[in-house]
Amino acid sequence: MGRSLAGLFHQSSQIPQRSRRVLFASLAGVHSSLHPSSLLPPPSPCTPRTFASRHRTLLDPPARTEERLSCRRTFPSHSRIYRSFSADARHFDTHRPNRQADQSTADQVPGLSPSASSTAVQDSAQSSTRASIGQADASAATEPCCKRPHSSPAAMNGTASSPAFKRKRGSSPITDDMDRPSKQHRRSIGAGSLNGKESAGDNTPDVGNYVLGQEMVVDEADLLEDGIADRLLHPDTAEWQATVERVIPNVVSIRFCQTCSFDTDPALTSEATGFVVDAERGYIMTNRHVVGSGPFWGFCVFDDHEEVDCYPVYRDPVHDFGILRYDPKAIKYMKIDGLQLRPDSAKVGVEVRVVGNDAGEKLSILHGVISRLDRNAPEYGDGYCDFNTCYYQANAAATGGSSGSPVVNLDGHAVALQAGGRSDGASTDYFLPLDRPLRALKCIQEGKPISRGDIQCQFLLKPFDECQRLGLPDTWQKTMRQAFPKATNLLVAELSLPEGPAHGKVKEGDVLVKVDGELIADFIRLDDILDDKVGGTVKLHLIRGGKDIEVEVNVGDLHAITPDRFVSVTGASFHDLSYQQARLYGVACKGVYVCESGGTFRFDSTDNGWIIQSVDHTKTPDLNAFIEVVKQIPDKARVVITYKHLRDLHTMVTNIFYIDRHWNEKMKLAVRNDETGQWDFTNLADPIPPVPQKKGKGFFIELENTSRPAVADLVKSFVNVHCTMPLKLDGFPKNRKWGMGLVIDAEKGLVVISRAIVPYDLCDISIRIADSMVVEGKVVFLHPLQNYAIVQYDPSLVDAPVKSARLSDKEITQGAATNFVGYNRSGRIVYAHTTITEITAVIIPANGGAPRYRAMNVDAITVDTNLSGQCGSGVLAADDGTVQALWLTYLGERNCNHRDEEYHLGLATPTLLPVVEALRKGEKPKLRLLGAEFRAINLNTARLMGVSEEWMGRVAEANRTHHQLFMVSKRTFEREKHHVFLKEGDIILTLNGRIITRTSELDVMYANDFLDAVIIRDAEEMELRVPTVDGDDVETEHVVSFCGATLHRPHFAVRQQISVLHSEVYVSARTRGSPAYQYTLAPTNFITHVNGVETRTLEAFVRETRGIGDGVYFSLQAMTFDCVPWVVTMKKNEHYFPTVEWIKDASHPVGWRRITYEGGEVHDGEAGDAGLVGVGGAAEADGKVIGEAA
């Protein structure tokens, strides 16, 4: 104790440099990894004074600490490897920034992989601190549970290690959380984080970890008293080495997926640790946040790299432990004995080792000393949290991946279960006591049910001095101290749930001293009593404000208030509100909870926590009532739904929802089966056919204070177009959009709308006319280049004075006066008289992460009014009401803030006229395209590129306002091979004899199979007969969903950005929690072979993969967008992810035909017992979860 820190530094000078780095890294509170990047440099000659001046003392309580779950999760990035992120802490009573730049949890490029993930934005929140005397470390800011895609990645100690992430390079994903008031959030109890799910990426430190030069806390006395320096200077003893060697064969790495969002858990892919506790029967102990509350599939890998499937047989409703099972016969090359659970051996001062999958490594051995046995369970945020138990505290410094690791003593017995720890750089870890896990294991081994009792009241351990302030008399304090000499805390009621057994009987602040006449001072004995009294009653003796109170409380069944089923309908999933969520928000444990907001059931935010109050004017107090109501709703109906958010139960939200039972035909009930470890799916109801729509009457508004009545009359040509996309295709980042459409033929019901609103035709179109009626629409035309689509409705259903807009056939000019009429963000019509400021050729930037539709080869119009930036749709009109240009939204690139840029620009109407005329005649427009993107160049550039002075004079004469030519900036890859074609750098002089100086003059391509072109190539003038290509070959018409990946032919945007197509099997999206996510089959990949067989077409791919059995490994050869070949092995999972084909078929009612392959059978439509493959679920595009409210 007399040694100084300076003396320790002096001794360290005798230690080899590498060892000194480890020593000083540990002194800094950093995990003692030998990786050079994580080590402090060897100390320069510095005195203890200079060292202390850079590091505060460990005894100073931190103003803000963070808790993390110790499970590591995969998070997508646009680099070729996953990166690790540790989320900022989020506390219950915080305001969160808007969560979803696009959340909705398949990596579209249709996540935080989880993880989930989902994109996704990492939100930060400040936590209120809660300190009490003798319990300074209970003040904490918490990190969210790693399993929530909407939350920032937490440092759970279960890692989501990922091999190289093979995808197109680009910007990394992010999602934003919706800003909602944090009503009814409860304060954080203690600092901790679960050691099992989310991680920041592959082997990267958590955000809170020590960074060189950062202030840090070191206390000399603590270091020396704990013997840390001695342990650092001396290796493990022979006894410890022998112990670790016995333990290692029983420790497994768990690679798993939670296939869909359920309760507090998002869909995710992750990695954690477990250990064998019964080698004969094949039982593995791990964390509950690893097993999860919903559907799970995964496998475990033993130390000798033998792999075996595992499945859950138990997950505790409250405490953070679960039990997996594997087939012991599958382990052939290693002897497994199993670890003995010895909760009685956990004592303060006991030296332990944490053996597990730490920081994504296959095996890591961390040492520590148990310092506390009586801390409250850590709070991790608004996801899963343990409660009503004590936790042990130690200094093992575990990180992502160690969830479920055994905490072993020198005898090789498991004395605790690794669960969480601090994520702020401190080396504090939290271990779950093994009393409840041991009881559960014995029940399973004996074939007995695991009874779990509860009174729906949360208790906390509070020190005697605080209990005294709450009214504990001295006589009772003396009695309790005599009965429990080592106890320093008593159980105090923190929360009694409304309508629960304890409600009205146990009040917040009550000090519990007896249960059924027995003195109680800890959770372990309380659990014993309640678990044995399920269905019975207990007598509680409480101290309330200094008075003795006795109450009798019914003991409920914890399993009964823990959901074990959910129903999926219209692409969303629902279950009864869980005890976990009810306790978190302090509400009654009842109601229908939206666990997966998807399909047409999307709310005004994707933030989890919505509770359905009524459907179609019928109350839905529980899931059974909800099922009965929804069963009776026909397809395509619009019904009134009321709902609340758990954070704001004072506000009732009422909205109209469109019920989709055509893309999502079945209403499926999923029920947990603990015998098989799977969730069994049954079809509750087939869809009721839609009710034929009746003719509706509409009334248009009138514009006020306008001196141009013809312009005001344009409101009768405006309609509101809503587009809902059930599948994520073509890299599009949203799942629903709306905007103003312009009626161009009222007799035929033709409406023109931006392609940023209607990107493809696998969608539902709803057209609201005069804000009075809604009619269905369908897509009849998609322009491949000019950013508009044309949809059609049945005009016979409309009784309203809808007028056809008159489209001008004259080009609008710069400086001309015009009238701007648009729809602002609130959906209101605004208008202004203005002038044209510019007409110029624009290049919409291509998205760097995932190619998606963008306009090309168009002239853009801008106007001199601020309204143009507020409105994403509208028109520019002459005083006589003639529409001179459409005002459209153009989808651009994802910016540095990870948001999708949208540009608001005008498109002159003359370019639309040939298409509109063909549609009016009932013909399908046939367009021909030049396979190139052009950009405008000025004459000086043209001169340098070889254009002669003569040609420059002719150009100046042909266009007196814009002296420009067009150069090929990028060739589009064409499937048809031609000997003559344009090349990058070619300058176009004429096409079919006309000098090309305006983008609109390139429209000559649309009607010609060949173009006679005069060009400049390599400073030489030449004449070419350039072929055009069929414009019908650019839209997606065949889609395959396979193992969670969405596959289709490379869409037009891919061909615009790539120089060679490696295959016609393009990965457009992937679903979280799927095999595609687990094995990192990333969007923007091309699949070329399956099991060595060439499969470069979708037909060949389906044919080859159909022969692969469920649960069987197979190999895929793929090529990244950047032309890097790679091979991935995957395991097929037909139970949750059957193969589905979507084929465009005009004869089908929705225009697409669905074929499902499962178990060797082919189903026309959706299979009734198929798993999770529907449409509208959480997906990712461009590394970002898509499926958010639009």
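Quick caveat, the model's predicted, so the values are computed rather than measured.

A. Local environment of the overall build of the protein chain. Of regular secondary structure, the protein chain possesses 21 helices and 70 strands. A buried classification covers 62% of the 1190 residues belonging to the protein chain. Accessible surface, the protein chain: about 42600 Å² in total, of which carbon and sulfur atoms supply 50%.

B. Examining helix α13 (residues 623–631) more closely. Residues of α13 that are buried include every one of Leu623, Phe626, Ile627, Val629 and Val630, and no others. One side-chain oxygen of the residue at the start of α13 lies 3.3 Å from the amide nitrogen of Asn624, identifying that residue as Asp622.

C. Spatial organisation of the sheet that holds strand β41 (residues 764–769). Pairing is antiparallel in the closed barrel, where six strands are placed in the order β38-β39-β40-β43-β42-β41. For this sheet, the mean angle separating the axes of adjacent strands, direction not counted, is 40°. Across three bridges, strand β39 (residues 736–745) lies against strand β40 (residues 750–754) in antiparallel orientation. Looking at the pairing, Leu742 lines up with Val752 of β40.

D. Broad picture of the packing of aromatic side chains. For the coordinates displayed, the defined rule picks out 23 aromatic pairs. Both rings, one in Phe262 and one in Trp679, keep their centres 5.2 Å apart while their planes meet at 65°; by these two values the pair is edge-to-face. Taken together, the residues span a long stretch of sequence, with Phe262 in the loop between β7 (251–258) and β8 (268–278) and Trp679 in strand β36 (residues 679–685) at a distance of 417 residues. With respect to class, Phe262 is no different from Trp679; both count as buried. On the numbers, 5.4 Å between centres and 65° between planes, the contact of Phe302 with Tyr326 is edge-to-face. Highlighted residues: Phe302 in the loop between β10 (296–301) and β11 (307–315) and Tyr326 in strand β12 (residues 322–326), separated in sequence by 24 residues. Relative accessible area serves as the criterion here: at 3%, Tyr326 is assigned to the buried category. The ring of Tyr1077 carries the charged tip of Arg1070 above its face, separated from the ring centre by 4.0 Å.

E. Fine view of the pattern of salt bridges. On inspection of all chains with the given rule, the structure shows 55 salt bridges. Of the charged contacts in the structure, one is a salt bridge between Arg583 and Glu379, with a shortest N-O distance of 2.9 Å. Of this pair, Arg583 sits in helix α12 (residues 579–585) while Glu379 sits in the loop between β15 (372–376) and β16 (390–394); the two residues are 204 residues apart in sequence, bridging distant segments of the chain. Here the two residues Arg583 and Glu379 agree in accessibility, since each one is buried. Counted as one network, the salt bridges with shared partners bring together Asp316, Arg436, Arg439, Arg452, Glu518, Arg525, Asp528 and Asp531.

F. Summary view of the environment of Glu902. Turning to its location among the elements, Glu902 is positioned in strand β50 (residues 900–908). We classify Glu902 as partly exposed; its relative accessible area is 34%. With twelve residues separating them in the primary sequence, Glu902 and Tyr890 have C-alpha atoms 5.5 Å apart. In this structure, Glu902 is in contact with Lys737, Thr889, Tyr890 and Leu891, ignoring residues within four places of it in sequence. In terms of polar contacts, Glu902 uses its side chain to reach the side chain of Lys737, at 2.8 Å.

G. Representation of the packing of helix α8 (residues 435–445) against helix α11 (residues 523–532) in the model. For the pair α8 and α11, the least separation of the axes is 10 Å and the interaxial angle reads 30°. Put simply, α8 runs roughly parallel to α11. Residues Asp435, Arg436 and Arg439 of α8 touch α11, and the partners they reach there are Ile524, Asp527, Asp528, Asp531 and Asp532. When grouped by side-chain class, the residues that make up the contact of α8 with α11 number one nonpolar, no polar and seven charged.

H. A look at the pairing of β36. Here strand β35 (residues 667–672) pairs with β36 via six bridges, running antiparallel. Paired with Val671 across the strands is Asp680, a residue of β36. Between β35 and β36, which pair antiparallel in sequence order, lie six residues; one of them, Gly677, sits at a positive phi of approximately 80°.

I. Here's a closer look at the nonpolar core. In this structure, Phe718, Leu742, Tyr788, Ile790 and Phe934 are the most contacted members of the largest nonpolar core, which totals 59 residues. Among the elements that take part in this core, strand β49 (residues 883–894) stands out by supplying four residues, more than any other. In this structure, Leu742 is in contact with Ser717, Phe718, Leu750, Val751, Val752, Ala805, Leu807, Val875, Val883 and Leu886, ignoring residues within four places of it in sequence. Within the second largest apolar cluster, 40 residues are counted, among which are Val721, Leu729, Val775 and Ala800.

J. Just the confidence of the model for the protein chain, in detail. Averaged over the protein chain, the pLDDT score is 80; the fraction of residues at 70 or greater is 77%. For the stretch residues 1–66, pLDDT sits under 50, and the model shows 111 contacts to residues farther than four places along the chain or on other chains. Every residue in residues 171–234 scores below 50 in pLDDT, and together they form 347 contacts with partners more than four places removed in sequence or on other chains.

K. Quick peek at the environment of Leu684. Take Leu684: it is sitting in strand β36. What makes Leu684 partly exposed here is its relative accessible area of 26%. A sequence separation of 117 residues divides Leu684 from Val567, and the C-alpha atoms of the two residues are 8.8 Å apart. Every residue in contact with Leu684, bar those within four places of it in the chain, is listed here: Val567, Ile627, Lys631, Met667 and Leu669.

L. Highlighting the side chain of Asn673. Mapped onto the elements, Asn673 comes out in the loop between β35 and β36. Here Thr676 takes part through its backbone nitrogen, which lies 3.3 Å from a polar atom of the side chain of Asn673. When sequence neighbours within four positions are dropped, the list of residues in contact with Asn673 reads Gln678 and Asp680.

M. Structural detail: the side chain of Ser261. Tracing the backbone shows Ser261 in the loop between β7 and β8. Separated by 3.5 Å, the side chain of Ser261 and the backbone nitrogen of Ala267 make a polar contact.

N. Representation of the pairing of β8 in the model. The buried fraction of β8 amounts to eleven of the eleven residues, a majority that puts the element mostly inside the structure. Where β7 meets β8, eight bridges bridge the pair, whose relative direction is antiparallel. Paired with Cys257 across the bridge in β8 is Thr269. Both β8 and strand β9 (residues 283–286) contribute to a ladder of three bridges, which runs antiparallel. Paired with Phe275 across the strands is Met285, a residue of β9.

O. Layout of helix α6 (residues 238–247). Restricting attention to buried positions, one finds in α6 the residues Trp240, Thr243, Val244 and Val247. All buried residues of α6 project into a common sector of 95° when viewed along the axis, lining one side. Opposite the packed face of α6, turned more than 90 degrees from it, sit the exposed residues Ala238 and Glu245. Those residues of α6 that are buried lie in contact with β7, β13 (351–356), β14 (364–369) and β17 (406–408).

P. Structural view of the environment of Arg583. Residue classification places Arg583 among the buried residues on the basis of a relative accessible area of 1%. For the pair Arg583 and Phe387, spaced 196 residues apart in sequence, the C-alpha separation works out to 9.4 Å. A polar contact of 3.3 Å, which involves the side chain of Arg583, links it to the side chain of Gln458.

Cut-offs applied
Residues numbered from 1 in each chain as written. Predicted model: local features only at pLDDT ≥ 70, side-chain atom pairs only at ≥ 80, totals over all residues. Heavy atoms only, no water. Helix = DSSP H or I, 4+ residues; strand = E, 2+ residues; numbered from the N terminus. Buried < 20%, exposed > 50% of the residue type's maximum accessible area, 1.4 Å probe, protein only. Areas by Shrake-Rupley, 256 points an atom, 1.4 Å probe, with all protein chains shown as cover. Polar contact = N/O pair within 3.5 Å; in protein donor to acceptor, adjacent residues only side chain to side chain. Pairing = 2+ DSSP bridges. Axes fitted to C-alpha atoms, helices over the stretch in contact; angles between N-to-C directions. Phe/Tyr/Trp six-rings, centres within 6.5 Å; stacked < 30°, edge-to-face > 60°. Lys NZ or Arg CZ within 6 Å of the ring centre and 35° of its normal. Salt bridge = Lys/Arg side-chain N within 4 Å of Asp/Glu carboxyl O. Contact = heavy atoms within 4.5 Å. Parallel < 35°, antiparallel > 145°, perpendicular 65-115°, else oblique. Nonpolar A, V, L, I, M, F, W, Y, C, P; charged D, E, K, R; others polar. Core = buried A, V, L, I, M, F, W, Y, C linked by side-chain atoms within 4.5 Å. pLDDT = per-residue confidence, 0-100. Arc of directions from axis to C-beta.

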